[in-house]
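# Analysis of the macromolecular model
Residues per chain, in single letters:
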Amino acid sequence: MTPPMPDLAISLSCVVRTFGSVRALDGLDLAVPAGSVTVLLGPNGAGKTTTVRLITGALKRHAGTVRVLGLDPEVDGDEVRARTGVVPPKPALYDRLSGWDNLRFAADIWGVAHTAVVPAAERFGIAYALDQEVGGYSTGMRTRLALARAVLHDPDVLLLDEPTAGLDPESSRAVLDLIRELAGRGRTIVMCTHLLHEAEGIADQVVLMGAGSARAAGRPADLAAAYLTQPTVVMDAQDRTALADVASQPGVVSAAWNGALHVKLETLDTLPDLIATLVAQGARLTRVEPQLPTLEHLYFEMQRTLRAAQ
Amino acid sequence: MRFDRVWTVARIDLRRLFKSRDYWIPMSLLAGLFFVIIPWIMLSIVTSGSNAASELVRQIGGVLDALPGPVRDNVQGATPAARAAYAFAVYLLAPVAIIVPLTISSAVGAHTIVGERENGTGEFLAHSPLTEKEIYLGKLIASLVPGYLATAVGFGLYSLVVNLKVAGEFGRWFFPTSGWWLLIVWVVPPFIAIALSVILWVSSRVRSTAAAQQAASLVSLPIIIASYAISSGLIFDPTLAAIGIGAVAWIIAILGLMSGSRALQRERLLGVAIE
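My aim in this report is to walk through the structure given alongside it, one point at a time.

Parameters and conventions
- Residues numbered from 1 in each chain as written.
- Chains lettered and ligands numbered in written order.
- Predicted model: local features only at pLDDT ≥ 70, side-chain atom pairs only at ≥ 80, totals over all residues.
- Helix = DSSP H or I, 4+ residues; strand = E, 2+ residues; numbered from the N terminus.
- Buried ≥ 20, exposed ≤ 12 C-beta atoms within 10 Å, placed from the backbone.
- Pairing = 2+ DSSP bridges.
- Axes fitted to C-alpha atoms, helices over the stretch in contact; angles between N-to-C directions.
- Contact = placed C-beta atoms within 7 Å.
- Nonpolar A, V, L, I, M, F, W, Y, C, P; charged D, E, K, R; others polar.
- Right-handed = clockwise from strand over helix to strand, strands pointing away.
- Parallel < 35°, antiparallel > 145°, perpendicular 65-115°, else oblique.
- Left-handed = near helix turned anticlockwise from the far one by under 90°.

## Overview of unusual backbone geometry
Of note, the amide linkage connecting B:Phe175 to B:Pro176 takes the cis form, showing an omega dihedral of 5 degrees. Its location among the elements puts B:Pro176 in the loop between helix H8 (132-170) and helix H9 (178-203). The phi dihedral of A:Ala92 falls on the positive side, at around 60 degrees, and the residue is not glycine. The buried category is assigned to A:Ala92, around which 22 C-beta atoms lie within 10 Å. If you check the backbone angles, A:Glu162 has positive phi at about 50 degrees while not being a glycine. Tracing the backbone through its elements, the reader meets A:Glu162 in the loop between strand E6 (157-161) and helix H6 (169-184). Given 21 C-beta atoms within a 10 Å radius, A:Glu162 is considered buried.

## Let's talk about the sheet that holds strand E13 (residues 285-290) of chain A
All names here are of chain A. Taken in spatial order, the four strands of this open sheet run E11-E12-E10-E13, and their pairing is antiparallel. The two strands at the open ends of the sheet, each matched to only one other strand, are strand E11 (252-258) and E13. The sheet shows a mean angle of 20 degrees between the axes of neighbouring strands, taken without regard to direction. Sheet topology note: the strand E10 (residues 232-237)/E13 ladder contains five bridges and is antiparallel. For Ala 237, the partnering residue across the bridge sits in E13 and is Leu 285. Contacting E10, E11, strand E12 (260-265) and E13, helix H9 (residues 271-280) runs over the sheet at an angle of about 170 degrees to E13.

## Considering the sheet that holds strand E2 (residues 22-33) of chain A
All names here are of chain A. One open sheet accounts for three strands, arranged E2-E1-E4; its pairing is antiparallel. On the outer flanks of this sheet lie E2 and strand E4 (63-68), each paired with one strand and no other. Neighbour-to-neighbour, the strand axes of this sheet turn through a mean angle of 15 degrees, independent of strand direction. Judged from the five bridges that link them, strand E1 (residues 8-19) and E4 form a sheet pairing that is antiparallel.

## Remarks on the interface of chain A and chain B
Facing 23 residues of chain A, the contacting portion of chain B comprises 22 residues. Contributing elements (two or more residues each) for the side of chain A that touches chain B: helix H1 (48-56), helix H2 (77-82) and helix H3 (99-110) of chain A. A per-element tally of the side of chain A that touches chain B places H3(A) first, with five residues. Residues that form the side of chain A that touches chain B fall into these classes: 13 nonpolar, two polar and eight charged.

## Regarding the pairing of E6(A)
Residues and elements named next belong to chain A. Within E6, five of the five residues are buried, which leaves it mostly tucked inside the rest of the structure. With burial as the criterion, each face of E6 is covered, one bearing Val 157, Leu 159 and Asp 161 and the other bearing Leu 158 and Leu 160. Pairing geometry for strand E5 (residues 84-87) and E6, over four bridges, is parallel. By the bridge assignment, Val 86 is partnered in E6 with Leu 159. Considered for its hand, the β-α-β crossover made up of E6, H6 and strand E7 (residues 188-193) is right-handed.

## Overview of the packing of helix H2 (residues 21-46) of chain B against H8(B)
Residues and elements named next belong to chain B. With their axes 10 Å apart at the nearest point, H2 and H8 run at an angle of 15 degrees to one another. When the interaxial angle is binned, H2 and H8 end up roughly parallel. The handedness of the crossing between H2 and H8 comes out as right-handed. On the side of H2, the interface is formed by Met 27, Ala 31, Phe 35, Val 36, Pro 39, Trp 40, Leu 43 and Ser 44, while H8 contributes Ala 150, Gly 154, Leu 157, Tyr 158, Val 161, Val 162, Lys 165 and Val 166. When the residues that make up the contact of H2 with H8 are grouped by side-chain class, the tally is 13 nonpolar, two polar and one charged.

## Topic: H1(A)
All names here are of chain A. Within H1, nine of the nine residues are buried, which leaves it mostly tucked inside the rest of the structure. Among all positions of H1, only Lys 48, Thr 49, Thr 50, Thr 51, Val 52, Arg 53, Leu 54, Ile 55 and Thr 56 are buried. Looking one or two residues past H1, Gly 57 carries a phi angle of roughly 85 degrees, positive in sign.

## Focus on the environment of B:Ala211
Residues and elements named next belong to chain B. Mapped onto the fold, Ala 211 is located in helix H10 (residues 209-236). Residue class for Ala 211 comes out partly exposed when judged on the 15 C-beta atoms lying within 10 Å of it. In the structure, Ala 211 is positioned 101 residues away from Ala 110 in sequence and 8.8 Å away in space, judged by C-alpha atoms.

Next up, the structure:
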């Protein structure tokens, strides 16, 4: 009998995993609520892939506890893996076989009827190529096939490890659409990425990883409130020399040119006064655009803040 | 353990193999060479009645005369040429029945696990609900089947060649003999399994297919030599001792495979546990 779904679909506590002298995970804590989309952000080597491998039990931990759907992957790994779908960083497909053969192989392993193969391929727009050898597929086609394979058995937990690396925009959108669709159906999704824009708008929780541990975690809005306390406004003018002394204006923290002038303010309340001052000084403003906090801003701000704290 | 999943792993490996012409064409040629072409040529020479044949018949006769009496008595044929043809067909090519399947299965086995790691597909298997034993058994079957299938087909073709070329000397089809049946059914399979247990153990531990093939060659060489000697002896004297040797080989094979199955771990499929 399938155990009931716990509130936390995945939880890792003080997890350590080493490879020789390298501590890939160094006391990682991670809590993924059931039915949520969690994005693991971090540079290469942060431990994202190792985390995914520990979640399925493909890799053993050296310390700490891991629970997935209420089960320990090292003890009940077969059941955990039966209820989990993984899209690895490389699609891990059999090149000499056709797309159909690859999907049928997965269907047989997970005990799914072969009739599910074509609909899964159609869902990702790859059905037309099922008869072709995978070795002849483009990067986008390979990823679409890997995605179709990962969701063939309708997993409770989907782990996506850099799923959009090297993809064209259309394929990237297919991945993000899949995440939204599965999240809408109550599935738990963990996505590793270092491409910040693709996590934008889909993440219920963002976890910033670095050196094998979670540096910060929370809802994007909460993290933005905590880390992006100083709003940025992008400004431009017909005569840019009129903006030369913006940095010295009251309420302005800093100003830097990057295509346009990016002005960091103490609070957004100071913006009307700043505009009035600049206009009074003769500036003919062509652009005043308060920047909404993006994941990219958040990521770099979190990185900067955490580095400063160290 | 679920045998339907074992068969799934084996089937996908066999399907990949079938698609790899660069593998199975040379292996088919190897089997064809040893089971059909060489026997056909040699038996044609022995039964041709030419000067070269007379010299060959004389040399084989000398060898047969040197054998112990009971063994010599097993060699059938009314004429020296018939006895030479019989000896050649029944005795001299017996080791081929071991070498061909061992070579073919070793080549498959050396690649099967490390190849998953090299291609990145090991990651897929590691994240799948397949147990390590199911993966191992599937790989074992996929390695065993091509070698044994080649042997079974080769054995059939070889029987045909022998009977077509030599049966005229005896007035009846006489091949396969009881010794050959014993060899093919009872002795060859465990020897392939022994070799594969070592090769799969190696394949799950090394970093590359090239390294696996080198190591497999080294470890399978003594097994080939031993099986060569044993198979020759069995054909000459297919007695209870031969059955006993087969039984011992089966026991060693089963123990070897049980031990080898422990070498396959998920972490090795990911390529992170090779230190």
